[in-house]
Amino acid sequence: MAAPGKAEQEVLDRRFMAAALRLSRRNAGRTSTNPSVGTIIVRDDGAGPMIVGTGVTAIGGRPHAETEALAEAGELARGATAYVTLEPCAHHGRTPPCANALVNAGVARVVGAASDPDPRVSGKGYAILRAAGIEVVEKVLAAEAAEQMAGYLIRSLKKRPEVILKLALSADGKLGRHGAGQVAITGDIARREVYLMRAEADGILVGIGTALEDDPALTVRLPGLENRSPARIVLDRQIRLPETSKLVSGIDRVPLYIAACLEADPLRRSVLERVGVRFIGTETHEGGVALPELLEDLSALGMASVLVEGGAKVASAFLAEGLVDRIVLFQGPDGIGEEGIASPIDANHIPAGFRKLREMRFGEDGYAEWVRDI
Ligand SMILES: NC(=O)c1ccc[n+]([C@@H]2O[C@H](COP(=O)([O-])OP(=O)(O)OC[C@H]3O[C@@H](n4cnc5c(N)ncnc54)[C@H](OP(=O)(O)O)[C@@H]3O)[C@@H](O)[C@H]2O)c1
C-alpha cells in the first residue's frame, strides 16, 4: 500500500487524535495536579496503520501517558507516529522528560493537540523532538483537547481552578422554594449525570444557604464510583453549619472545607475541627467570602476544577465576578411558581463570551452546556 497523501494523512491524524482524546478521559479527575493525557502509538508497515501502544496518565499523575504507551509498543515504536493530547513534558521531575523518552524510542513523527502553558514545558517539549529530527505536527484537534483539559490549562494560566457552574432550573426558571428544603427539579437520569460530573471534579462548592436549606451530602452515589467523591467546600463566614448535617457526618469518607471569616466564633470552629472539618481562612469582600482569593487557596490545595452547585446567591456572586468558565444548566419539565427562588441565569440569558458546547436530554430533563475561551 502506498504512503498516504497529505490530505489522507490529515484525516488519519484527526482520527487517531480523536481516539487519543477519548482514551484520555479514562482517568479524568484522578490524576492529581496533572491533566489526564492520552497517547496512542501507530505504525504502518505498508498494510495500513496499526495501533501498537496506548497509554493514559496513571492515577495520581505518574507515570505519564507517553511512558505507558512506549512501554507497551516496545521496539515497535521505532519509526512510528505518537499521538499525544498534550505537548510532551520537557522538564526533569520525578521521571525523565517524555520528550526525551519519545526521542530515545526512535519515533519518527509526533502529532500533538494542546500546547502546555507550563513555562517549564511550553514549546520546549516540541523543540526537543524537532532537534532530534522528529517530524512534529501541532494543534491537531487543539480546541477539543483544550476543552477536555480545561482544568489543567486554567490552573496553569490563571492560578485558580476551572469553575463549572451547575444549576437545575424548573420549567419556569426557578431553583427551589425557600423553606421547602431540597425540591426535586430533575429526574433520576439527570441526577446520575450530576454524579458523573462530580466524579470528574476536584471540588464541589455550595453556599451555607443551600447547606442549611437542603442538608445535601454532595457525594457521588453511583454504583462503583462511590469512592470518587471530591472534597466539599461550603462558603460559611459565620460557621453556621451544624455538626449534625450530612456534610459533616460524611467527613470520614470525603473531606469537607469551610471558608469562614477569621473572626468567626472560635468555639464553633474547634467543635467542627475536632470532627475533621478543615477551615480555609477567608478574606471578606462586600459582605461575602472573597472569591478570587478563595479560588487561589483551592488551587494551592491542588484543585484544578470546582463544581459550583449553588445556591442562587453563590451562583450570582461567581457570575458577577466573571469567575465562571463553564455553565451547565439542567431544566426539569415542571414549574415551581411565583414564590420560587429565581435563578440568576437561564438559557436565554447567558453572559457574553460564552458559546454553547452541547445540548442533550436526560429522560424528561433538558441539558445545555456553555464554555468561554480560556
Ligand atoms: N436548583 C438548584 O440547582 C439549586 C442548587 C443549590 C441550591 N438551590 C436552592 O437554593 C436555595 C439556597 O440559595 P441561597 O441563595 O439562599 O443560598 P446560597 O447561595 O446557597 O448561600 C448563600 C450564603 O453563602 C454565604 N456566602 C459567603 N460568601 C459568599 C459569597 N461570596 N457570595 C454569596 N454567598 C456567600 C452567605 O452566608 P454568610 O454570610 O453567612 O457566609 C450567603 O448568605 C435553597 O432553597 C436550595 O434548595 C437550588
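Our structure is the block above this text.
Nothing here was measured: the structure is a model prediction, and the numbers come from that model.

Student: Account for the overall build of the chain, naming residues and giving values.
Tutor: When helices and strands are counted, the chain shows twelve helices and 18 strands. Over its C-alpha trace the chain gives a radius of gyration of 23 Å, about what one expects of a compact globule, namely 21 Å for 374 residues. With the C-alpha coordinates of the chain rotated into their principal frame, the extents come out at 70 × 45 × 40 Å. The buried share of the chain, taken over its 374 residues, is 52%. Considering only contacts within the chain whose residues lie at least 6 apart along the sequence, 72% involve residues at least 24 apart. Looking at the chain as shown, the accessible area adds up to about 17200 Å², and 51% of this sits on carbon and sulfur atoms. Here the chain contributes 44 positive and 49 negative side-chain charges, whose respective centroids are spaced 2 Å apart.

Student: Go over the nonpolar core with me, naming the residues and quoting the values.
Tutor: Among the nonpolar cores identified, the biggest contains 31 residues, and Leu-167, Leu-205, Leu-235, Leu-294, Leu-298, Val-308 and Phe-318 are the most heavily contacted of them. If you list the elements that add at least two residues to this core, you get β6 (162-169), β9 (231-235), β10 (256-261), α11 (291-300), β14 (305-308), α12 (312-320), β15 (326-331) and β18 (365-372). Residues in contact with Leu-235, not counting those within four places in the same chain, are Leu-205, Val-206, Gly-207, Ile-208, Ala-259, Val-289, Leu-291, Leu-294 and Val-314. Membership of the second largest hydrophobic core comes to 23 residues, among which are Ala-20, Ala-65, Val-111 and Leu-153.

Student: Before we move on, could you go through the pattern of salt bridges and cite the residues and values that matter?
Tutor: Tallied over the entire structure, the rule returns 24 salt bridges. Between Arg-25 and Glu-200 there is a salt bridge, with the nearest N and O atoms lying 3.1 Å from each other. Linking Arg-25 in the loop between α1 (6-24) and β1 (38-44) with Glu-200 in helix α7 (residues 188-200), this pair joins segments that are 175 residues apart in sequence. Arg-326 is paired through a salt bridge with Glu-147; the nearest N and O atoms lie 2.6 Å apart. Note that Arg-326 is positioned in strand β15 and Glu-147 in helix α5 (residues 142-148), a separation of 179 residues in sequence.

Student: Explain the site of the ligand to me, and be specific about the residues and the numbers.
Tutor: What surrounds the ligand is a group of 27 residues, the closest being Ala-168, Thr-210, Asp-214, Arg-237 and Arg-240. One of the backbone N or O atoms of Leu-175 is found 2.9 Å from a nitrogen atom in the ligand. Val-314 places a polar main-chain atom, nitrogen or oxygen, 2.9 Å from an oxygen atom of the ligand. Protein contacts shield 88% of the accessible area of the ligand, which totals 910 Å² for the unbound molecule. Residue assignment for the shell around the ligand shows that the elements contributing at least two residues are β6, α8 (208-214), β13 (288-289) and α12. Looking at the shell around the ligand, the element that brings in the most residues is α8, giving five residues.

Student: Tell me about the packing of helix α3 (residues 98-105) against helix α4 (residues 124-131), residues and numbers included.
Tutor: The N-to-C vectors of α3 and α4 enclose an angle of 20 degrees; their axes lie 9 Å apart at closest approach. Considering their axes alone, α3 and α4 lie roughly parallel with respect to each other. The handedness of the crossing between α3 and α4 is right-handed. In contact with Ala-99, Asn-100, Leu-102 and Val-103 of α3, α4 contributes Gly-125, Ile-128 and Leu-129. Of the residues assigned to the contact of α3 with α4, the class counts are five nonpolar, two polar and no charged.

Student: Just give me the short version of the environment of Ile-51, but keep the residues and values in it.
Tutor: By secondary structure assignment, the location of Ile-51 is in strand β2 (residues 49-56). According to the relative accessible area criterion, Ile-51 is partly exposed, its value standing at 43%. In the structure, Ile-51 is positioned 24 residues away from Glu-75 in sequence and 13 Å away in space, judged by C-alpha atoms. Beyond its immediate stretch of four places on either side in the chain, Ile-51 contacts Phe-16, Ile-40, Ile-41 and Val-42.

Student: Give me the lowdown on helix α10 (residues 266-274), citing residues and values where you can.
Tutor: Near the N-terminus of α10, the side chain that reaches the backbone nitrogen of Leu-267, with its oxygen 2.9 Å away, is that of Asp-265. Among the residues trailing α10, Gly-276 stands out with phi positive, at a value near 110 degrees.

Student: Could you give me a rundown of the sheet that holds strand β5 (residues 135-137), with the residues and numbers involved?
Tutor: Strand order in the open sheet formed by five strands is β2-β1-β3-β4-β5, and the pairing between neighbours is mixed. Taken across any chain shown, the strands that pair with only one partner, and hence form the sheet edges, are β2 and β5. Averaged over all neighbouring strand pairs, the angle between strand axes comes to 20 degrees, with direction disregarded. Across the sheet, α4 is in contact with β4 (109-114) and β5; its angle to β4 comes to roughly 170 degrees.

Student: Go over the side chain of Glu-369 with me, naming the residues and quoting the values.
Tutor: Positionally, Glu-369 belongs in strand β18. Taking relative accessible area as the criterion, Glu-369 reaches 4% and is therefore assigned buried. Polar contacts involving the side chain of Glu-369 include one to the side chain of Arg-326, which spans 2.7 Å. A polar atom in the side chain of Glu-369 sits 2.5 Å from the side chain of Tyr-367. If near-sequence neighbours (up to four positions away) are discounted, Glu-369 is found in contact with Glu-147, Arg-326, Ile-327, Val-328, Arg-355, Lys-356, Leu-357 and Arg-358.

Calculation rules
Sequence positions are assigned chain by chain, starting from 1 and proceeding in written order. At least 70 in pLDDT is required for a residue's local features to be given in this predicted model, at least 80 for side-chain atom pairs to be given and counted, and no such filter applies to totals for whole chains, interfaces and linings, which use all residues. No hydrogens and no water enter the side-chain calculation; it runs on all heavy atoms of the structure. Think of it this way: any DSSP run of H or I at least four residues long counts as a helix, any run of E at least two long counts as a strand, and we number them from the N terminus. In this treatment the radius of gyration is a C-alpha quantity, and the globule benchmark scales as 2.2 Å times the residue count to the 0.38 power. Categorising residues by exposure relies on relative accessible area from a 1.4 Å probe, with only protein chains included: less than 20% of the type maximum marks a residue as buried, more than 50% marks it as exposed, and the intermediate range marks it as partly exposed. Contact between two residues is taken to exist if any of their heavy atoms lie within 4.5 Å; hydrogens are not considered. In short, Shrake-Rupley with a 1.4 Å probe defines the accessible areas, and a residue's cover is counted only from the protein chains shown. Neither His nor the chain termini are counted; the positive set is Lys and Arg, and the negative set is Asp and Glu. To locate a charge, take NZ of a lysine, CZ of an arginine, CG of an aspartate or CD of a glutamate. Here, nonpolar core refers to any group of buried Ala, Val, Leu, Ile, Met, Phe, Trp, Tyr and Cys residues whose side-chain atoms link them within 4.5 Å. Here, a salt bridge means any Lys or Arg side-chain nitrogen found within 4 Å of an Asp or Glu carboxyl oxygen. Whether a residue is near a molecule or strand depends on its heavy atoms: it is near if one of them lies within 4 Å of it. Two N or O atoms form a polar contact when they lie within 3.5 Å of each other; inside protein one atom must be a possible hydrogen donor and the other a possible acceptor, and for residues adjacent in sequence the pair counts only when both atoms belong to side chains. What counts as an axis is a line fitted to C-alpha atoms, over the stretch in contact for a helix, and the angles between N-to-C directions run from 0 to 180 degrees. When describing relative orientation, an angle under 35 degrees is termed roughly parallel and one over 145 degrees roughly antiparallel, while 65 to 115 degrees is termed roughly perpendicular and anything else oblique. Crossings are classed by handedness, with left-handed meaning an anticlockwise turn of the near helix from the far one by less than a right angle and right-handed meaning a clockwise turn. By the convention adopted, Pro, Cys, Tyr, Trp, Phe, Met, Ile, Leu, Val and Ala count as nonpolar, Lys, Arg, Asp and Glu as charged, and the other residues, Gly among them, as polar. Note on pairing: two strands pair once DSSP finds at least 2 bridges between them.

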